[in-house]
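Tertiary structure, described
The primary structure of each chain is shown beneath.
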Amino acid sequence: MARNPAAQTAFGPMVLAAIEQHEPPGQRLVDDDLAAKFLPGRMRWLVAVTQPALVRRLLVAGMDRGGPGLWSNLACRKHYIADKLAEARDDIDAVVVLGAGLDTRAYHLAQHSHIPVFEVDQPINIARKAATVRRALGEQPRSVRLVPVDFEHDDLLTMLAEQGYRTEYRTFFIWEGVTQYLTADAVRSTLDGLRPVAPGSRLVFTYVRRDFIDGVNLYGARSLYRKVRQRQQLWRFGIQPEEVAAFLDGFGWRLVEQIGPEQIVEQYVKPTGRDLTASPIEWSAYASRRADAESH
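For the protein, an unreviewed UniProt entry supplies the name S-adenosyl-L-methionine-dependent methyltransferase and the organism Mycobacterium celatum. In the Function (unreviewed entry) part of its UniProt record, the protein is described as follows: "Exhibits S-adenosyl-L-methionine-dependent methyltransferase activity." Entered under Sequence similarities (unreviewed entry) in the UniProt record, the comment concerning the protein runs "Belongs to the UPF0677 family."

Here it is in structure tokens:
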């Protein structure tokens, strides 16, 4: 497959999730027994090397030098999304994962539920996901549909409908680790395209602070900024936490809550007993579709 810098970022979060499985159960930031199986061979080898606790500590410390606290963010956002999905399970009819990458969530759901799950991503990542699932699980679960979409150009609901999605579904949308890679126009057009979705639908997404994107505050992550903004221009969209409620309201969503570094540490890190910080650069937000939202 051709090199695609944004598509290549699908590997990192799953490597991290797989490494976390070496921690004792009560000390993991995220539980995911499929993570390593979904990785290519060379990355499974890297995960295996991190079995000794000292190696893992050195790896986390090395990542923190580039972006202090990001290890916690990347792991705990998955935990947070899992919590929100579990809370909503009895009130939703479908799950849509926007920018699914190598995420395993759909396949955990398929083990004990027939709820339809639509995994949406760039065509290159969808092709990779299909091959990965065949290798790791033998076949694609019937409840999981793979949907190739170019967020910058395609109509999301049209592409979903071709795979059986219906707008009357009360849907749990997951948009994890994606928005910063899109243009502001693509973020807005994606949300605009979701206007017809049913009231009671949910949306959980992560975002990067705009002051980091703009270089106003680097939060101790200068090398990360050089990588994602100066050398490759990978990250493009950002928003400030205090702007999220009004931004979502314009598209018919009501902000329920959002979590930043303090909440991540309090809710997810402290219970493990691990001495880790969280980064203020990335936040997670949770919203519900307003009953009075426009549907045009």
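Let us now look at a nonpolar patch on the surface. A contiguous nonpolar patch, built from Trp45, Leu46, Val49 and Val55 and spanning about 360 Å² of accessible area, is present on the exposed surface. Sorting elements by how many residues they give to the nonpolar patch places helix H3 (residues 41–49) first, with three residues. Position of valine 55 relative to the elements: it lies in helix H4 (residues 53–66).

Our focus in this paragraph is a positive patch on the surface. Together, Arg222, Arg226, Lys227 and Arg231 line one region of the surface with positive charge. Turning to its location among the elements, arginine 222 is positioned in helix H11 (residues 222–231).

This brings us to empty space enclosed by the protein. The full count for this structure, using the stated rule, is one cavity of 30 Å³ or more. Put simply, the largest cavity is a space of about 50 Å³. Taken together, Trp175, Thr179, Val187, Leu191, Leu203, Phe205, Phe237, Ile239, Phe247 and Leu248 make up the lining of the largest cavity. The set of elements that each furnish at least two residues to the lining of the largest cavity consists of helix H9 (184–193), strand S5 (202–208) and helix H12 (244–249).

In this section: the pattern of salt bridges. Applying the stated rule across the entire model yields 25 salt bridges. Across the salt bridge formed by lysine 129 and glutamate 119, the nearest N and O atoms sit 2.7 Å from each other. On the criterion of sequence distance, the pair formed by lysine 129 in helix H7 (residues 123–137) and glutamate 119 in strand S2 (residues 117–121) is long-range, its members being 10 residues apart. Glutamate 119 shares its class with lysine 129; the two are buried. Its salt-bridge partner being glutamate 168, residue arginine 166 comes within 3.0 Å of it at the nearest N-O pair.

Criteria and thresholds
- Position numbers for residues start from 1 in each chain and track the written sequence from start to end.
- The predicted nature of this model means local features are confined to residues of pLDDT at least 70 and side-chain atom pairs, given and counted, to a pLDDT of 80 or more, with totals for whole chains, interfaces and linings taken over all residues.
- Hydrogens are left out, water is left out, and the side-chain values use all remaining heavy atoms of the structure.
- UniProt positions are given in the numbering used here, feature names are shortened, and annotations may be inferred rather than shown by experiment.
- Within the patch definition used here, like charges are joined within 9 Å and nonpolar side chains (Val, Leu, Ile, Met, Phe, Trp, Tyr) within 5 Å, considering only residues with over 30% relative accessible area and no salt bridge.
- Areas reported as accessible are Shrake-Rupley estimates using a 1.4 Å probe. Residue values count occlusion only from the protein chains shown.
- We count a salt bridge whenever a side-chain nitrogen from Lys or Arg sits within 4 Å of a carboxyl oxygen from Asp or Glu.
- Runs of H or I in DSSP of at least four residues are treated as helices and runs of E of at least two as strands, each being numbered from the N terminus.
- Charged residues are defined narrowly, with Lys and Arg counted positive, Asp and Glu counted negative, and His plus the chain ends left uncounted.
- Here the site of a charge means NZ on Lys, CZ on Arg, CG on Asp, or CD on Glu.
- Only protein atoms enter the 1 Å grid used here. Points where a 1.4 Å probe fits but cannot escape make up a cavity, open sets with protein on both sides within 12 Å along at least five of seven lines make up a pocket, and a residue lines them when an atom lies within 4 Å of a point.
- Grid points are joined across faces, edges and corners, and a volume is the space filled by probe spheres set on the points.
- Think of it in three bands: residues with accessible area under 20% of the maximum for their type are buried, residues over 50% are exposed, and the middle band is partly exposed, with areas taken using a 1.4 Å probe on protein chains only.

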